[in-house]
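Coordinates in review
Letter by letter, the chains look like this.
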Amino acid sequence: MPREALVSEGELTVFQDIAGTLPDGREITRWTVGSPEGVTAEVLSLGARLQALHAPDRHGRLANVVLGCDDVDDLLGGAAYFGATVGRYANRIAGGVLPVAGTTHRLPTQAAGHTLHGGPDGFATRVWDGVPVREGRRAGVRLRLHSPDGDQGFPGALTVEVTYLLDPAGALWIGYRATTDAPTVVNLTNHAYFNLVGEGGGTVLDHLLRVDAPGYLPVDAELIPIGPVARVAGTPFDLREATVIGERVADADPQIRRAGAGFDHNWVLAGNGFRRAAVLSHPASGRRVECLTTEPGLQVYTGNHFDGSLTGRSGRPYRAYAGVALETQHFPDSPNRPEYPSTVLRPGEQYRSTTVYCFSAA
């Protein structure tokens, strides 16, 4: 498919082309949204994935600030979650045990015997249908997926839409919608890893992170929440003021050690409705991303287990702390924790969620 402009909204243009081919011959479509001098996003049909996001530094120099791989085998394997829309249930469901409407469903499990990000063949490895869209001054792409009843063990047929919209100010809006024909659970997120130096440019240990959360969920050795919300005050999880990531992941706190010398935890955000969740910044480049969401939680993962086996688009291997994920979502294992906010979706209801990443430089 030749690269052609499909939507033009002021300074923003949407281009469409082919990014690759799957082993079964299906093509992977890429939509490129943005302007030559400003923030530009690349979205793939495989996994409804944010494949790249180019943002300027304080001098106007562009860099791709999200991790990603070009190799299709990697996108179906070790890099399957990079930038992807993960579901039907983001994060972990303990033991693959899912109680819904009085019936216990058994889900396929992965490492440690739990269901992660919707199962071994979740939404991240599916090819979504997409169309270019514009809404006011925003332009982007809307992707759609049908997940049949019993898909990865989940009850109910689910229809999902994810819309990526970029605005002229450099904010990337991600909107999620879903409906079902039977009671089920839904918990969707985007799994982009950010590195504001630029993808492949080193670690995020020198980045500053602020998370607007008074509490977090401690986890067991298999990263399943072990109980009620814990206060962040007096712990390395207190990120209510901008903090150097490297200082916190070096802490001897047992929770930091348990996650592999870093964060892989859910913060319980302050407030309700659409509000700020976190701010990530890199003082040397001036790049900054502010995350706003309607979700109750934010999973922060600092790439503790990257081991150099994956090579990014820069041609450089990803090693520990190569990026940090800021995953807006409901809490892990909520279906088995009635005290957590519910993730149940019933017929006649609509799942809706919005997350915005606002990029700037100073």
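From a predicted model like this one, the values you see are computed outputs, not experimental measurements.

Rules used in this analysis
Residues numbered from 1 in each chain as written. Predicted model: local features only at pLDDT ≥ 70, side-chain atom pairs only at ≥ 80, totals over all residues. Heavy atoms only, no water. Pairing = 2+ DSSP bridges. Helix = DSSP H or I, 4+ residues; strand = E, 2+ residues; numbered from the N terminus. Buried < 20%, exposed > 50% of the residue type's maximum accessible area, 1.4 Å probe, protein only. Contact = heavy atoms within 4.5 Å. 1 Å grid on protein atoms, 1.4 Å probe; cavity = no way out; pocket = protein on both sides within 12 Å on 5 of 7 lines; lining within 4 Å. Points joined across faces, edges and corners; volume = space filled by probe spheres on them. Nonpolar A, V, L, I, M, F, W, Y, C, P; charged D, E, K, R; others polar.

Let's talk about the sheet that holds strand E23 (residues 264–268)
The strands making up a sheet associate through hydrogen bonds between their backbones, and the pairing can be parallel or antiparallel. Pairing is antiparallel in the open sheet, where six strands are placed in the order E18-E29-E26-E23-E20-E21. Two strands close off the open sheet at either side, each with one partner strand: strand E18 (193–194) and strand E21 (230–231). Two strands pair when backbone bridges link them, and E23 and strand E26 (residues 297–301) are joined in this way by five bridges, in the antiparallel orientation. Opposite Val268, over in E26, you have Gly297 as the bridge partner.

Some points on the environment of Leu292
Of note, Leu292 is situated in strand E25 (residues 287–293). Here Leu292 falls in the buried class, since its relative accessible area comes to 15%. On a C-alpha basis, the gap between Leu292 and Gly273 in space is 9.9 Å, while along the polypeptide they are 19 residues apart. Setting aside anything within four residues of it in sequence, one finds Leu292 in contact with Phe274, Arg275, Arg276, Ala277, Thr354, Thr355, Val356 and Cys358.

With respect to the layout of surface pockets
Counted as a void, the largest pocket has a volume near 820 Å³. Residue lining of the largest pocket: 36 residues in total, with Tyr81, Arg92, Leu116, His117 and Tyr301 positioned closest to the centre. At the level of secondary structure, the elements contributing two or more residues to the lining of the largest pocket comprise strand E11 (115–116), E26 and strand E27 (307–311). The element best represented in the lining of the largest pocket is E27, accounting for four residues. Among the residues making up the lining of the largest pocket, the classes are represented as 16 nonpolar, 15 polar and five charged. Space inside the second largest pocket adds up to approximately 260 Å³. In terms of lining residues, the second largest pocket is bounded by 14 residues, among which Glu135, Thr163, Gly175, Arg177 and Arg352 are the most central. Of all elements in the fold, only strand E13 (138–147), strand E14 (158–166), strand E15 (171–180) and strand E31 (351–361) reach the threshold of two or more residues within the lining of the second largest pocket. At five residues, the largest contribution of residues to the lining of the second largest pocket is made by E15. Its residues assigned to classes, the lining of the second largest pocket comprises four nonpolar, four polar and six charged.

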